[in-house]
Amino acid sequence: MSRQLILAIGAGVLTALFYVAVGLGSFGSLILAYLAQLPLFAIALGAGFAHAAIAVGVAAVMIAAALPLTVAALFLGTVALPVLVLANRALLSRTNPDGSTEWYPPGHLLAALNAIALAALVAVAVLFWGREGGMVGAGEALLVEMTGGLAVGDASRQAMVAARERLAWLLPALVLISWQIMVIVNGLLAQGALSRFSLNLRPGAPFRELWLPHWLSFALVAALVASFLPGQIGDLGGNAAMVVALPFVFLGLSVIHALSVRWPARTFILVCVYFGLVVAGWPALIVAAIGVLETWLSLRQRFSGGRPQDEEE
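The sections below set out a description of the structure shown in this document. (Residues numbered from 1 in each chain as written. Predicted model: local features only at pLDDT ≥ 70, side-chain atom pairs only at ≥ 80, totals over all residues. Heavy atoms only, no water.)

1. Details of the overall build of the chain
Thinking step 1. Scanning the chain from N- to C-terminus turns up 13 helices and two strands.
Thinking step 2. Rg of the C-alpha trace for the chain: 21 Å, near the compact-globule value of 20 Å for 313 residues, within the 12% margin.
Thinking step 3. Long-range pairs, those at least 24 residues apart, make up 73% of the contacts in the chain with a sequence separation of at least 6.
Thinking step 4. When the accessible surface of the chain is split by element, carbon and sulfur atoms take 71% of a total near 16800 Å².
Thinking step 5. Taking the 15 positively charged and 14 negatively charged side chains of the chain as two groups, their mean positions are separated by 10 Å. (Helix = DSSP H or I, 4+ residues; strand = E, 2+ residues; numbered from the N terminus. Rg over C-alpha atoms; globule rule 2.2 N^0.38 Å. Contact = heavy atoms within 4.5 Å. Areas by Shrake-Rupley, 256 points an atom, 1.4 Å probe, with all protein chains shown as cover. Lys, Arg positive; Asp, Glu negative; His and termini not counted. Charge placed at Lys NZ, Arg CZ, Asp CG, Glu CD.)

2. Considerations on the packing of helix α10 (residues 231-259) against helix α11 (residues 266-279)
Thinking step 1. Packing of α10 against α11 leaves a shortest axis separation of 10 Å and a crossing angle of 165 degrees. Comparing the axis directions of α10 and α11 gives the class roughly antiparallel. The two elements α10 and α11 meet at a crossing, and its hand is right-handed. Where α10 approaches α11, its residues L253, I256 and H257 are matched on the opposing element by R266, L270, V273, Y274 and L277.
Thinking step 2. When its residues are assigned to classes, the contact of α10 with α11 shows six nonpolar, one polar and one charged. (Axes fitted to C-alpha atoms, helices over the stretch in contact; angles between N-to-C directions. Parallel < 35°, antiparallel > 145°, perpendicular 65-115°, else oblique. Left-handed = near helix turned anticlockwise from the far one by under 90°. Nonpolar A, V, L, I, M, F, W, Y, C, P; charged D, E, K, R; others polar.)

3. What to know about the environment of V261
Thinking step 1. Mapped onto the secondary structure, V261 falls in the loop between α10 and α11.
Thinking step 2. Measuring from C-alpha to C-alpha, the distance between V261 and R208 comes to 9.7 Å, with 53 residues separating the pair along the chain.
Thinking step 3. Discounting residues that sit within four places of it in the chain, V261 has contacts with R208 and R266.

4. A closer look at the environment of L67
Thinking step 1. Here L67 is to be found in the loop between α4 (49-66) and α5 (69-90).
Thinking step 2. Along the chain, L67 and V20 lie 47 residues apart, while their C-alpha atoms are 8.0 Å from each other.

5. With respect to the packing of aromatic side chains
Thinking step 1. A full pass over the atoms with the stated rule returns two aromatic pairs.
Thinking step 2. Measuring from centroid to centroid gives 5.2 Å for Y19 and F75, while their planes differ by 70 degrees, and the two rings are edge-to-face. Of this pair, Y19 sits in helix α1 (residues 3-20) while F75 sits in helix α5, and the two are 56 residues apart along the sequence.
Thinking step 3. When its relative accessible area of 12% is taken as the criterion, Y19 is described as buried.
Thinking step 4. Aromatic side chains F218 and W296 sit 5.6 Å apart centroid to centroid with 70 degrees between the ring planes, which places their arrangement in the edge-to-face category. Placement of the pair is F218 in helix α9 (residues 215-227) and W296 in helix α12 (residues 283-297), with a sequence separation of 78 residues.
Thinking step 5. Residue F218 is classed as exposed on the basis of its relative accessible area, which comes to 54%.
Thinking step 6. Residue W296 is classed as partly exposed on the basis of its relative accessible area, which comes to 46%. (Phe/Tyr/Trp six-rings, centres within 6.5 Å; stacked < 30°, edge-to-face > 60°. Buried < 20%, exposed > 50% of the residue type's maximum accessible area, 1.4 Å probe, protein only.)

6. A short note on the packing of α1 against helix α3 (residues 37-47)
Thinking step 1. At a minimum axis separation of 8 Å, α1 and α3 run at an interaxial angle of 160 degrees. In this view, α1 runs roughly antiparallel relative to α3, as classed from their interaxial angle. Both α1 and α3 take part in a crossing whose hand is left-handed. Contact residues: α1 offers Q4, L7, A8, A11, L14, T15 and F18, while α3 offers P39, L40, I43, G46 and A47.

7. Section: a nonpolar patch on the surface
Thinking step 1. Together, W215, F218, L293, W296 and L297 make up an exposed nonpolar region whose accessible area comes to about 530 Å².
Thinking step 2. Where the nonpolar patch is concerned, the elements lending two or more residues are α9 and α12. (Patch = residues over 30% accessible without salt bridge, like charges linked within 9 Å, V, L, I, M, F, W, Y side chains within 5 Å. Salt bridge = Lys/Arg side-chain N within 4 Å of Asp/Glu carboxyl O.)

8. Quick word on the pattern of salt bridges
Thinking step 1. The final tally for this structure, using the stated rule, is two salt bridges.
Thinking step 2. For the salt bridge of E102 with R94, the shortest nitrogen-to-oxygen distance reads 3.1 Å.
Thinking step 3. As a salt-bridge pair, E294 and R300 come within 3.0 Å of each other at their nearest N and O atoms. The same class applies to E294 and to R300, which are both buried.

Encoded structure:
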């Protein structure tokens, strides 16, 4: 048995242990569950797609043996699928005429992950289409079940109902945005750890050189237009717009990183930007808008003298 095969089996075992740890209910177990993709990404980016598939198989069998089959299916759809899709894309490369190797663009990896999230959103909308209120109604019913006994008194109950209605509309997008961030964090952690010990198959790429394919801009426009329509179509469009906006937040941050290289207070500005994103949240709209402008106006090329790059090639 080869060393890489042993590592693949070990990665699968570790992933299964991380995933089932959520049943312990402690805060530490939640962190382990959040990092369940980390061993899979590590074996994928360090040993290749085939070994990642082996690790997924081992983890799925262990989870199915310990938990209901529905939980194992959820693992395959939310944890394993994005790792396999992104690993397959990330390890693609081609040799240029000058002999250099060009790897699959990081921006296209973000777009692929976003496409999975959009497909999941549409699937959920279709699943609950015949239900009163659609997926928003289903989300509100879930929130009622979770918070029904928390309100005390009429004023508190009214405030709870109002907050629940607002959150129910945002819930599908919030879940898919947090899911994408989870996948991105695990992938970056795995790539960073592998690079630290020179075990990575794919080289890293500077964050300030991130680019996105143009189809994401068209998807964002279509979602925004749909969000103004009545009923469940509007609910789907509004949530889709928030989901599609996430890659543009990363692109906007990339622009800020690139343009701030010559700024004397660069570190302070970057800290303020990230602090605002984490604490307030609403600055993400501004950062996403910068990302959209970058897609069509090449702000980095205009203001920092960077070399333009066509992601559609």
